[in-house]
Amino acid sequence: MSSFNPDERTAQRMAGGQDRPDAERPRDPETIDGTIIDDPSVRPPLVLGDRDFHSVTETICGWAENPAPKWWMPAFLISSAVSGIGTLMILYLIITGVGVWGLNSPVMWGWAIVNFVWWVGIGHAGTLISAILCIFKQKWRTSINRFAEAMTIFAVICAGTFPGIHVGRVWFAWMLFPIPNYNYIWPQFRSPLLWDVFAVGTYFTVSLLFWYMGMIPDLATLRDRALKRLHMKAAVGPIEIALGKIRAFGYGFFALGWRFSSRGWLNYEKAYILLAGLATPLVLSVHSVVSFDFAVSILPGWHTTIFPPYFVAGAIFSGFAMVLTLLIPARELYPGMKDFVTARTLENMCKIITLTGLIVGFAYAMEFFIAWYGGNVFESEAFIIRAIGPYWWAYAIMFSCNVLSPQVFWFKWARTTPWFIFIVTIFVNIGMWFERFVIVTTLSSDFLPGSWRYYAPTYVDVLTFVGSLGIFMTLFLLFMRFLPMLAISEVKNVLPQADPHGHHGSESGDGAGEKNGKEGAHG
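Rules and cut-offs
- Residues numbered from 1 in each chain as written.
- Predicted model: local features only at pLDDT ≥ 70, side-chain atom pairs only at ≥ 80, totals over all residues.
- Heavy atoms only, no water.
- Helix = DSSP H or I, 4+ residues; strand = E, 2+ residues; numbered from the N terminus.
- Buried < 20%, exposed > 50% of the residue type's maximum accessible area, 1.4 Å probe, protein only.
- Contact = heavy atoms within 4.5 Å.
- Areas by Shrake-Rupley, 256 points an atom, 1.4 Å probe, with all protein chains shown as cover.
- Core = buried A, V, L, I, M, F, W, Y, C linked by side-chain atoms within 4.5 Å.
- Expected span 1.5 Å × (residues − 1).
- Salt bridge = Lys/Arg side-chain N within 4 Å of Asp/Glu carboxyl O.
- Phe/Tyr/Trp six-rings, centres within 6.5 Å; stacked < 30°, edge-to-face > 60°.
- pLDDT = per-residue confidence, 0-100.

Asks: What am I meant to see in the overall build of the chain here?
Replies: Summing up its helical and strand segments, the chain has 18 helices and 2 strands in all. Taking all 523 residues of the chain together, 53% fall into the buried category. Restricting to contacts in the chain with at least 6 residues of sequence separation, those with at least 24 account for 79%. Looking at the chain as shown, the accessible area adds up to about 24200 Å², and 70% of this sits on carbon and sulfur atoms.

Asks: Even after reading the chapter, I still don't get the nonpolar core, so can you show me in this structure?
Replies: Counting 134 residues, the largest nonpolar core has W119, F294 and F476 as the members making the most contacts within it. Sort the elements by how many residues they give to this core and helix 10 (residues 307–333) lands first, with 15 residues. Excluding anything up to four places from it in sequence, F476 contacts F147, A150, M151, F154 and L326.

Asks: Hey, could you run me through helix 13 (residues 392–404) in this one?
Replies: Every α-helical turn comprises 3.6 residues, leaving residues that sit three or four positions apart pointing alike. Within helix 13 the residues assigned to the buried category are A394, Y395, M398, C401, N402 and V403. Tucked into the core, helix 13 has its buried residues touching helix 10, helix 11 (343–374), helix 12 (377–388) and helix 15 (418–441).

Asks: Just to check I follow, could you spell out helix 6 (residues 145–166) for this structure?
Replies: Taking 1.5 Å per residue as the helical rise, helix 6 with its 22 residues ought to reach 32 Å, and the 32 Å between its terminal C-alpha atoms agrees with that figure. Within helix 6, 18 of the 22 residues are buried, leaving the element largely enclosed by the surrounding structure. Among the residues trailing helix 6, G168 stands out with phi positive, at a value near 95 degrees.

Asks: Where do I start with the pattern of salt bridges in this structure?
Replies: When their charged atoms lie close together, side chains carrying opposite charge are able to pair. Scanning the model with the defined rule gives 11 salt bridges in all. In this structure, E58 engages R225 in a salt bridge whose closest nitrogen and oxygen atoms are separated by 3.0 Å. Taken together, the residues span a long stretch of sequence, with E58 in helix 2 (residues 53–65) and R225 in helix 7 (residues 192–227) at a distance of 167 residues. Connected through shared salt-bridge partners, E58, E65 and R225 make up one network.

Asks: Explain the packing of aromatic side chains to me, please; I cannot follow it from the model alone.
Replies: Aromatic ring pairs are described here by two measures, namely the spacing of the ring centres and the angle between the planes. Inspection of every chain in the model, using the stated rule, returns 54 aromatic pairs. Aromatic pair Y310 and F311: ring centres 5.6 Å apart, planes at 85 degrees, arrangement edge-to-face. The pair Y310 / F311 is uniform in exposure class, with both members buried. A ring pair is formed by W393 and F437, whose centres lie 6.1 Å apart and whose planes are at 40 degrees; its orientation type is tilted. Residue W393 is found in helix 13, and its partner F437 is found in helix 15; the two are separated by 44 residues along the sequence. According to the relative accessible area criterion, W393 is partly exposed, its value standing at 32%.

Asks: Before we go on, may I ask you to explain the environment of H54 in this structure?
Replies: Topologically, H54 is positioned in helix 2. Exposure remark for H54: the relative accessible area of 38% places this residue in the partly exposed category. In this structure, the C-alpha to C-alpha distance between H54 and K492, residues 438 residues apart in sequence, is 9.4 Å.

Asks: What should I look at first to understand unusual backbone geometry in this one?
Replies: Even without being a glycine, D50 presents a positive backbone phi close to 50 degrees. Within the element layout of this structure, D50 appears in the loop between helix 1 (8–15) and helix 2. Among the residues examined, D50 registers a relative accessible area of 34% and is labelled partly exposed.

Asks: What is the right way to read the confidence of the model for the chain from this model?
Replies: Residues shown with low pLDDT carry predicted positions that ought not to be read at fine detail. This prediction gives the chain a mean pLDDT of 82; 85% of its residues lie at or above 70. Per-residue pLDDT stays below 50 along residues 1–20; that stretch engages in 55 contacts with residues further than four places along the chain or on separate chains.

Structure, rendered in structure tokens:
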């Protein structure tokens, strides 16, 4: 057995019944699917089902090539309708003005900035899984990195809509960009809102490059497979569409002429690790800059140095929760995905959620401690009002969802039961949204009690946020339908057959291993 991969017979023994469908595969109460192994001398398998290179390609490509599942079109139509409602609310806002929101004085920021920070935080898991876990050689990430990277792109797209529309006069949104202005009026480089443009823009660009470049070999595989199906046609009423030619041209265009050459793989590996190194500082920098929207002010409850690490931990916390929220249903709906997204993968992600949840809880406690230790009466009152003031219910939801609910993952059953993990991640997503809401509601109690106002959103606020969820799900459903959800080449790299020192072929001899190697080289 190699130091990283079990040999083929060990993988068969630990996975138990891989040739059977998921529904018929026995569930061991201790090892679950054969991957929850506490013995440090045994390396659990990363891929189940006695997979070879060819079956990996067939399964992952099949999700994009086969007809859409029956649930996909209703889900797509519903999410598209919801995104249309959000678009209509944005148009209504532009035509009417920000008075349609629930903003008042002193609460000049409302749901727009809350949603912006929440969506940026959701996208952090993609960069962490893709870049940092790649640098640390964590091979269990291969089954979720493409999923997380796509989620990052779509979450940042949703986040980017809110800074543009919350400025009020949308037609002046160009002032957010660093355009030279000789009147020295704008841009204001000392404003954290301008820093957001740099940070989020850089984050989106690097994440998009990382996601797209990682897909190039898989797009080339889909291109080559589509060339064999040029005869495929689809009828839309009286019109007949050459579906095979459209697929071959689309995948071929974005594959950029990839030919699976040794030189191409060498350049690909270099570029991938360089982009991973470039993206790693973004995990810390992007949400730190977003936290400066609050931390560089002089308002009690905001002006604190704990915000940057606190926001980064919270972003990773919510990002991993959203990955699991999307991954667990997909794992149940797509055949064969349980072979790649194992119980060990889910357990590792739950452990990260538990760790970051503890960091977030520690930050909540430190906010109260520093407010008391600093002896500033306004600072202390700001946090007391948060906890027992008019928005006590929001603080209670935030604390219970973010601090208490992840603690169930200390128990093995909780972090290895998919339906229960799904419920907890929903609570985490809700709690992290309320965390941003609680921060913004600090504005409602300023220095003059006579100007205190209770902030409440309007239906336009709510529907705009719901519309952003619809946009996110629409883009994600399109990704699931037309692009490979898992990185084919990376999944093959963690198979026992990919290790020349640990794989010696099947019982029929080394010829099987040689055959699998050839199939893997050509997709």
